[in-house]
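Each chain, letter by letter, is given below.
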Amino acid sequence: MVCSQSLDAPDAICRNKICRWSPEKRYFTRVDALALFTHPLEQPIKRFKYDGRKGWSKVFGRLIVGWLEENRRQVADIDLIIGNPTAPDRLPLQHIEKIMESAYTEDTLDRWPIAAPDRPVATKKYETKKSASGGAQWADKLHAAEEHAKALRFHRSVEGKRILLVDDVFTTGATFHTVCKRLITEGKAAEVRGLVLARVPFGS
């Protein structure tokens, strides 16, 4: 099982190309989603990500911590929780960093190994082409994801650690694949799993 999304039928096969790859090839073991990227969650994510409505970061941060609490057995062995970095000059805001800052603040009992906002594990050096461009072909999405991963800079060792990588939306998994590849091959992380706010519905 690669993700928590249900298929159309018990014998259905997910059409996501990366999800059909072996864990060794895709570099992440599984990705869980808080919800599907449909109504009513789709619009709040878009308003926060593209319109800069900062208040949503607190809501999303609380949702992440709530999910961790509800799934504590599943993530009990996680050593480090980090966000998928955005560029420093991203407009209207660095949405993933805001979400992770809120999650870190919400974890008042310090139960979860969320990377401190002032000591990031990874940052993005510059903006790259968006991987979710409308109508983009698979090869274009993968290329954009590769460029995103190349733009990352790692500040702390992740060697031997089991990492939970947080992002906003899982569509093709191309970005997860390329970022996790760097964490595994260059950073020598033991394992990388994913957690996203929303998963694009099966068949979309």
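See the structure shown above.
Now for a look at the structure at hand.

Cut-off values and rules
Residues numbered from 1 in each chain as written. Predicted model: local features only at pLDDT ≥ 70, side-chain atom pairs only at ≥ 80, totals over all residues. Heavy atoms only, no water. Helix = DSSP H or I, 4+ residues; strand = E, 2+ residues; numbered from the N terminus. Rg over C-alpha atoms; globule rule 2.2 N^0.38 Å. Buried < 20%, exposed > 50% of the residue type's maximum accessible area, 1.4 Å probe, protein only. Contact = heavy atoms within 4.5 Å. Areas by Shrake-Rupley, 256 points an atom, 1.4 Å probe, with all protein chains shown as cover. Lys, Arg positive; Asp, Glu negative; His and termini not counted. Charge placed at Lys NZ, Arg CZ, Asp CG, Glu CD.

Counting its secondary structure elements, the chain contains six helices and six strands. Of the regular secondary structure in the chain, the N- to C-terminal order runs α-β-α-α-β-α-β-α-β-β-α-β. Here the C-alpha radius of gyration of the chain, 16 Å, is about what a compact globule of 204 residues would show, namely 17 Å. Over its C-alpha atoms, taken along the principal directions, the chain stretches across nearly 45 × 40 × 35 Å. Expressed as a percentage of the 204 residues in the chain, the buried residues total 48%. Taking as baseline every contact in the chain between residues at least 6 positions apart, the subset at least 24 positions apart corresponds to 80%. Here the chain has roughly 10800 Å² of accessible surface; of this, 50% comes from carbon and sulfur atoms. Separation of charge centres in the chain, based on 34 positive and 26 negative side chains, amounts to 3 Å.

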